[in-house]
Amino acid sequence: TRLAASEITGQDGKAGIIEKYFSLSQTDTTCLKDIGLYPEEMRVGDDILCLHTLSDVEDLPGKVGTDCRFEKLSTDRSDCRLSFAAPVGVLLSCNHVYNQFIFIDDHAENLKNFEQTARNMQSLSRYSRANQVNKEWIDEYLNEAHSKGLISVRCHCNVMAWSDDRDELKRIRNDVGSQLALMECKPRHNTVDTPTLFWAGIPGNEADFPAEESFYTFLGQALCLFVEETNYKSSLSPFGIKMVDRVSGRPLHIDISDLPMKKGITTNRNKFILGPSGSGKSFFTNHMVRQYYEQGAHVLLVDTGNSYLGLSQLIHNRTHGEDGIYFTYTNENPIAFNPFYVEDGVFDIEKKESIKTLILTLWKRDDEAPKRSEEVALSNAVSAYIDLIGKDSSVTPCFNTFYEFVRDDYRRQLEQKNVREKDFDIDNFLNVLEPYYRGGEYDYLLNSDKELDLLHKRFIVFELDNIKDHKILFPVTTIIIMEAFINKMRKLKGIRKLILIEEAWKAIASANMADYIKYLYKTVRKYFGEAIVVTQEVEDIISSPIVKESIINNSDCKILLDQRKYLNKFDSIHNLLGLTDKERSQILSINMANHPGRKYKEVFFSLGGTQSAVYATEVSLEEYYTYTTEESEKMELFALAEKLDGNLELAIKRLAESKRNPQSSTT
Ligand SMILES: Nc1ncnc2c1ncn2[C@@H]1O[C@H](COP(=O)(O)OP(=O)(O)O)[C@@H](O)[C@H]1O
Ligand SMILES: [Mg+2]
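Fair warning: this is a prediction, and the values are worked out from it, not measured in the lab.

### Description of the overall build of the protein chain
Helices and strands together make up the secondary structure of the protein chain, namely 24 helices and 21 strands. Dimensions of the protein chain, computed from the C-alpha atoms along their principal axes, are close to 120 × 65 × 50 Å. Expressed as a percentage of its 667 residues, the buried residues of the protein chain come to 51%. Restricting the contact set of the protein chain to residue pairs at least 6 apart, pairs at least 24 apart contribute 69%. With an accessible surface of roughly 32,800 Å², the protein chain has 49% of that area assigned to carbon and sulfur atoms. Within the protein chain, one finds 81 positive and 100 negative side-chain charges whose respective centroids are separated by 2 Å.

### As for the side chain of His 287
When you line up the elements, His 287 lands in helix α9 (residues 281–294). Here Lys 242 takes part through its backbone oxygen, which lies 2.8 Å from a polar atom of the side chain of His 287. Every residue in contact with His 287, bar those within four places of it in the chain, is listed here: Lys 242, Met 243, Thr 617, Val 619, Glu 623 and Tyr 627.

### Points about the sheet that holds strand β20 (residues 601–607)
On the basis of which strands lie adjacent, the open sheet formed by eleven strands has the order β12-β11-β21-β20-β19-β13-β18-β17-β14-β16-β15 and mixed pairing. Looking along the sheet, the strands with just one partner apiece sit at the ends: β12 (251–254) and β15 (325–328). The sheet shows a mean angle of 25° between the axes of neighbouring strands, taken without regard to direction. Direction of pairing for strand β13 (residues 271–274) relative to strand β19 (residues 557–560): parallel, over a ladder of four bridges. Bridged to Phe 272 within β19 is Lys 558. Across the sheet, helix α10 (residues 309–318) touches β15 and β16 (459–463), and the angle it forms with β16 is around 140°.

### Brief notes about empty space enclosed by the protein
Per the counting criterion, the structure on display carries two cavities of 30 Å³ or more. If you add up the space inside the largest cavity, you get close to 40 Å³. The wall of the largest cavity is formed by Asn 306, Ser 307, Leu 309, Gly 310, Tyr 625, Thr 626, Tyr 627, Thr 628, Lys 634, Leu 637 and Phe 638. Going through the elements one at a time, α10, α22 (621–627) and α23 (631–643) are the ones with two or more residues in the lining of the largest cavity. Of the residues contributing to the lining of the largest cavity, the split by class is five nonpolar, five polar and one charged. Here the lining of the largest cavity spans two domains, since at least three of its residues come from each of domain 2 (251–323 + 459–618) and domain 4 (625–659). Taken as a whole, the second largest cavity encloses approximately 40 Å³ of empty space. Looking at the second largest cavity, the residues that line it are Pro 339, Ser 354, Ile 355, Leu 358, Ile 479, Ile 480 and Glu 483. Counting only elements with at least two residues in the lining of the second largest cavity, the list comes to α11 (349–363) and α15 (473–491). When its residues are assigned to classes, the lining of the second largest cavity shows five nonpolar, one polar and one charged. Here the lining of the second largest cavity spans two domains, and each of domain 2 (251–323 + 459–618) and domain 3 (338–451) adds at least three residues to it.

### As for the environment of Ile 17
On the secondary structure map, Ile 17 appears in helix α2 (residues 17–23). Along the chain, Ile 17 and Ser 147 lie 130 residues apart, while their C-alpha atoms are 41 Å from each other. With residues near it in sequence (within four places) discarded, Ile 17 still touches Leu 3, Glu 7, Ile 8 and Pro 203.

### Notes on the packing of aromatic side chains
Here the structure, examined in full by the defined rule, presents 34 aromatic pairs. Look at Tyr 21 and Phe 22: their rings are 6.3 Å apart centre to centre, the planes differ by 65°, and that puts the pair in the edge-to-face class. Accessibility expressed as a relative area gives 8% for Tyr 21, which makes it buried. Ring geometry for Phe 340 against Phe 402: centres 5.2 Å apart, planes inclined by 25°, an arrangement best described as stacked.

### Some details on the domain arrangement of the protein chain
Examined at the domain level, the protein chain breaks down into domain 1 (5–224), domain 2 (251–323 + 459–618), domain 3 (338–451) and domain 4 (625–659). Here domain 3 and domain 4 have C-alpha centroids that lie 47 Å from each other.

### Describing the site of ligand 1
Every one of the 15 residues lining ligand 1 counts as a neighbour, but Gly 278, Ser 282, Phe 283, Tyr 624 and Thr 629 are closest to it. At a separation of 3.3 Å, an oxygen atom of ligand 1 approaches a polar side-chain atom of Lys 601. Between ligand 1 and the protein, one listed contact pairs an oxygen atom with a side-chain N or O atom of Tyr 624 at 2.6 Å. Across the complex, the protein chains shield 90% of the 560 Å² of accessible surface that ligand 1 would expose by itself. The cavity that encloses ligand 1 is the second largest pocket.

### So, the nonpolar core
One finds Phe 402, Phe 429 and Phe 462 to be the most contacted residues of the largest nonpolar core, which totals 88 residues. It is α15 that contributes the most residues to this core, eleven residues altogether. Counting contributing residues, this core receives three or more from each of domain 2 (251–323 + 459–618) and domain 3 (338–451). Setting aside residues up to four positions removed in sequence, Phe 462 forms contacts with Leu 300, Leu 301, Val 302, Asp 303, Phe 327, Ile 335, Phe 337, Leu 454 and Ile 481. Grouped together as the second largest cluster of nonpolar side chains are 33 residues, Val 289, Leu 301, Ile 559 and Leu 607 included.

Thresholds, definitions, all that
Residues numbered from 1 in each chain as written. Chains lettered and ligands numbered in written order. Predicted model: local features only at pLDDT ≥ 70, side-chain atom pairs only at ≥ 80, totals over all residues. Heavy atoms only, no water. Helix = DSSP H or I, 4+ residues; strand = E, 2+ residues; numbered from the N terminus. Buried < 20%, exposed > 50% of the residue type's maximum accessible area, 1.4 Å probe, protein only. Contact = heavy atoms within 4.5 Å. Areas by Shrake-Rupley, 256 points an atom, 1.4 Å probe, with all protein chains shown as cover. Lys, Arg positive; Asp, Glu negative; His and termini not counted. Charge placed at Lys NZ, Arg CZ, Asp CG, Glu CD. Polar contact = N/O pair within 3.5 Å; in protein donor to acceptor, adjacent residues only side chain to side chain. Pairing = 2+ DSSP bridges. Axes fitted to C-alpha atoms, helices over the stretch in contact; angles between N-to-C directions. 1 Å grid on protein atoms, 1.4 Å probe; cavity = no way out; pocket = protein on both sides within 12 Å on 5 of 7 lines; lining within 4 Å. Points joined across faces, edges and corners; volume = space filled by probe spheres on them. Nonpolar A, V, L, I, M, F, W, Y, C, P; charged D, E, K, R; others polar. Domains from an automatic or database assignment. Phe/Tyr/Trp six-rings, centres within 6.5 Å; stacked < 30°, edge-to-face > 60°. Near = heavy atom within 4 Å. Sits in = over half its atoms within 2 Å of the grid points. Core = buried A, V, L, I, M, F, W, Y, C linked by side-chain atoms within 4.5 Å.

Quick look at the structure:
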């Protein structure tokens, strides 16, 4: 695309490409510097330039291609293709400009000149063997041009790198040289022409290019020397999370929620996160939800592995106990709810629907689909009960009074209406639900008189590890939590909210729940919400059509971590998620060539199946100790916090400091 004038010359507060070039800077606030042209070197401000040129056919490789395989990020099952000149593009890690020139002169004129030269060479070939060789070379060029109809062009490329430090400059010079050698080019360090080529490289100033620096080739070959990759850039969106550029380690701001929606790349903000155990799912989600929280979102997490204890407690301390609410299930203090309680007394259709789903789940087994007549009867019962509590304030809304209502009043109503037993077996219903009624085994679960204020808390964790294998408590608790979230959605207009469910989705992935999950996913979209499901079990997603349809198909953002443990299952993941070949190569390249000196893990993002990229999660030591799930590290941290009167923040700071400077620490 053609640059607009303002992009070339810049505007107030936004530097144009020319200003950026003159100041060798990418920032929008450029400051023009002195440009020094000395016989031995060229300088821009304090920076000394180091120039390598490709201006002679002799220096070029025997063969060029449009792209080539990048071994470091390829596997025997995947191919990472980069452009031929990538070694001097994104793979060259120092600050640099890669200038690429193609001059499309008058093609016919070019060839005519060559023919003339060839004739001259022919007549001179008696005097020198070199002339003979040149003549042959030209003949070959002309042959190619004529027989294949190729366009003759002139080409030149150069790599302009710089540094204000002479030692570093030496290293950079070597680096550029070896990158050029990787492309099988002969590295030519050029000092003499630096000012001229710098000048010609000013965007729009190609006319000043010194013709003798170019070589003849064909358009196709010249284009092979173009670099097609760019560095990842930060999103302009005000909302997003910090990730890191995998190649350079530069921090980047990326938006995987709002901007893609606005641009129509995605139609929802839901996310599906997949990675084997230990691949960094929880670490990444901690990092993500923390940043969502800090940008004002409501965050509700359902976990089964204590992965959010650190972050939750940190927020708890920071807010003096106001937020960062952590619920765990213990026998002495079980999580209890009251599905019939609403703050404002208004039961809308969605609330009724979720009460119905909840009771249906308690009543029917996974593999037992309710009859239409049963659903109708239940729906009527819920509506009638809601009418009753609206009219009669002596009835306390809770499961107990609902049960009594069905047992007495509703039974009479059914009898009057002559509803047959096979359409709605009320005795069976009451019998199955008895455990949740007063005196039953789970009577606490749905009859809480405490009003859980989830509405105004912005960071809530439900830790369900203790009941994750419980056939009743786990699914019921999960549904009630989801229902609490739906309530939040309806009440908190214009506020971002997310629910993240780790592994717990398994409990709700029964046939009964399919519609409910679908419903949750759709509703979330309308209310500025995100539903995020995190899982490690490929088998589960492969075997469950419900998960596939309701969760995967309704999550436009797919996030995958290191899949190498699943290499033999990767084909099914590939098919299940409908990945493209490019996405496959990106996923299999995760953590393949990580920088040995840095501690991070890579993460793959795909948005709407059309945009994908790999970023790194690289954090400070303080963040590391907040997010880590390593048992020993967690224990060390919490033990230290205890010594510091429960001050987790201080403990994190101390611990991080002691790892940074092992000598200076005395604790
Ligand atoms: N981005 C990262 N940077 C540094 N260490 C990480 C990163 N991601 C994960 N880890 C390390 O790996 C461990 C396991 O990560 P975790 O997120 O708990 O895996 P998962 O949830 O996928 O099982 C963490 O405790 C941490 O030590
Ligand atoms: Mg985890």
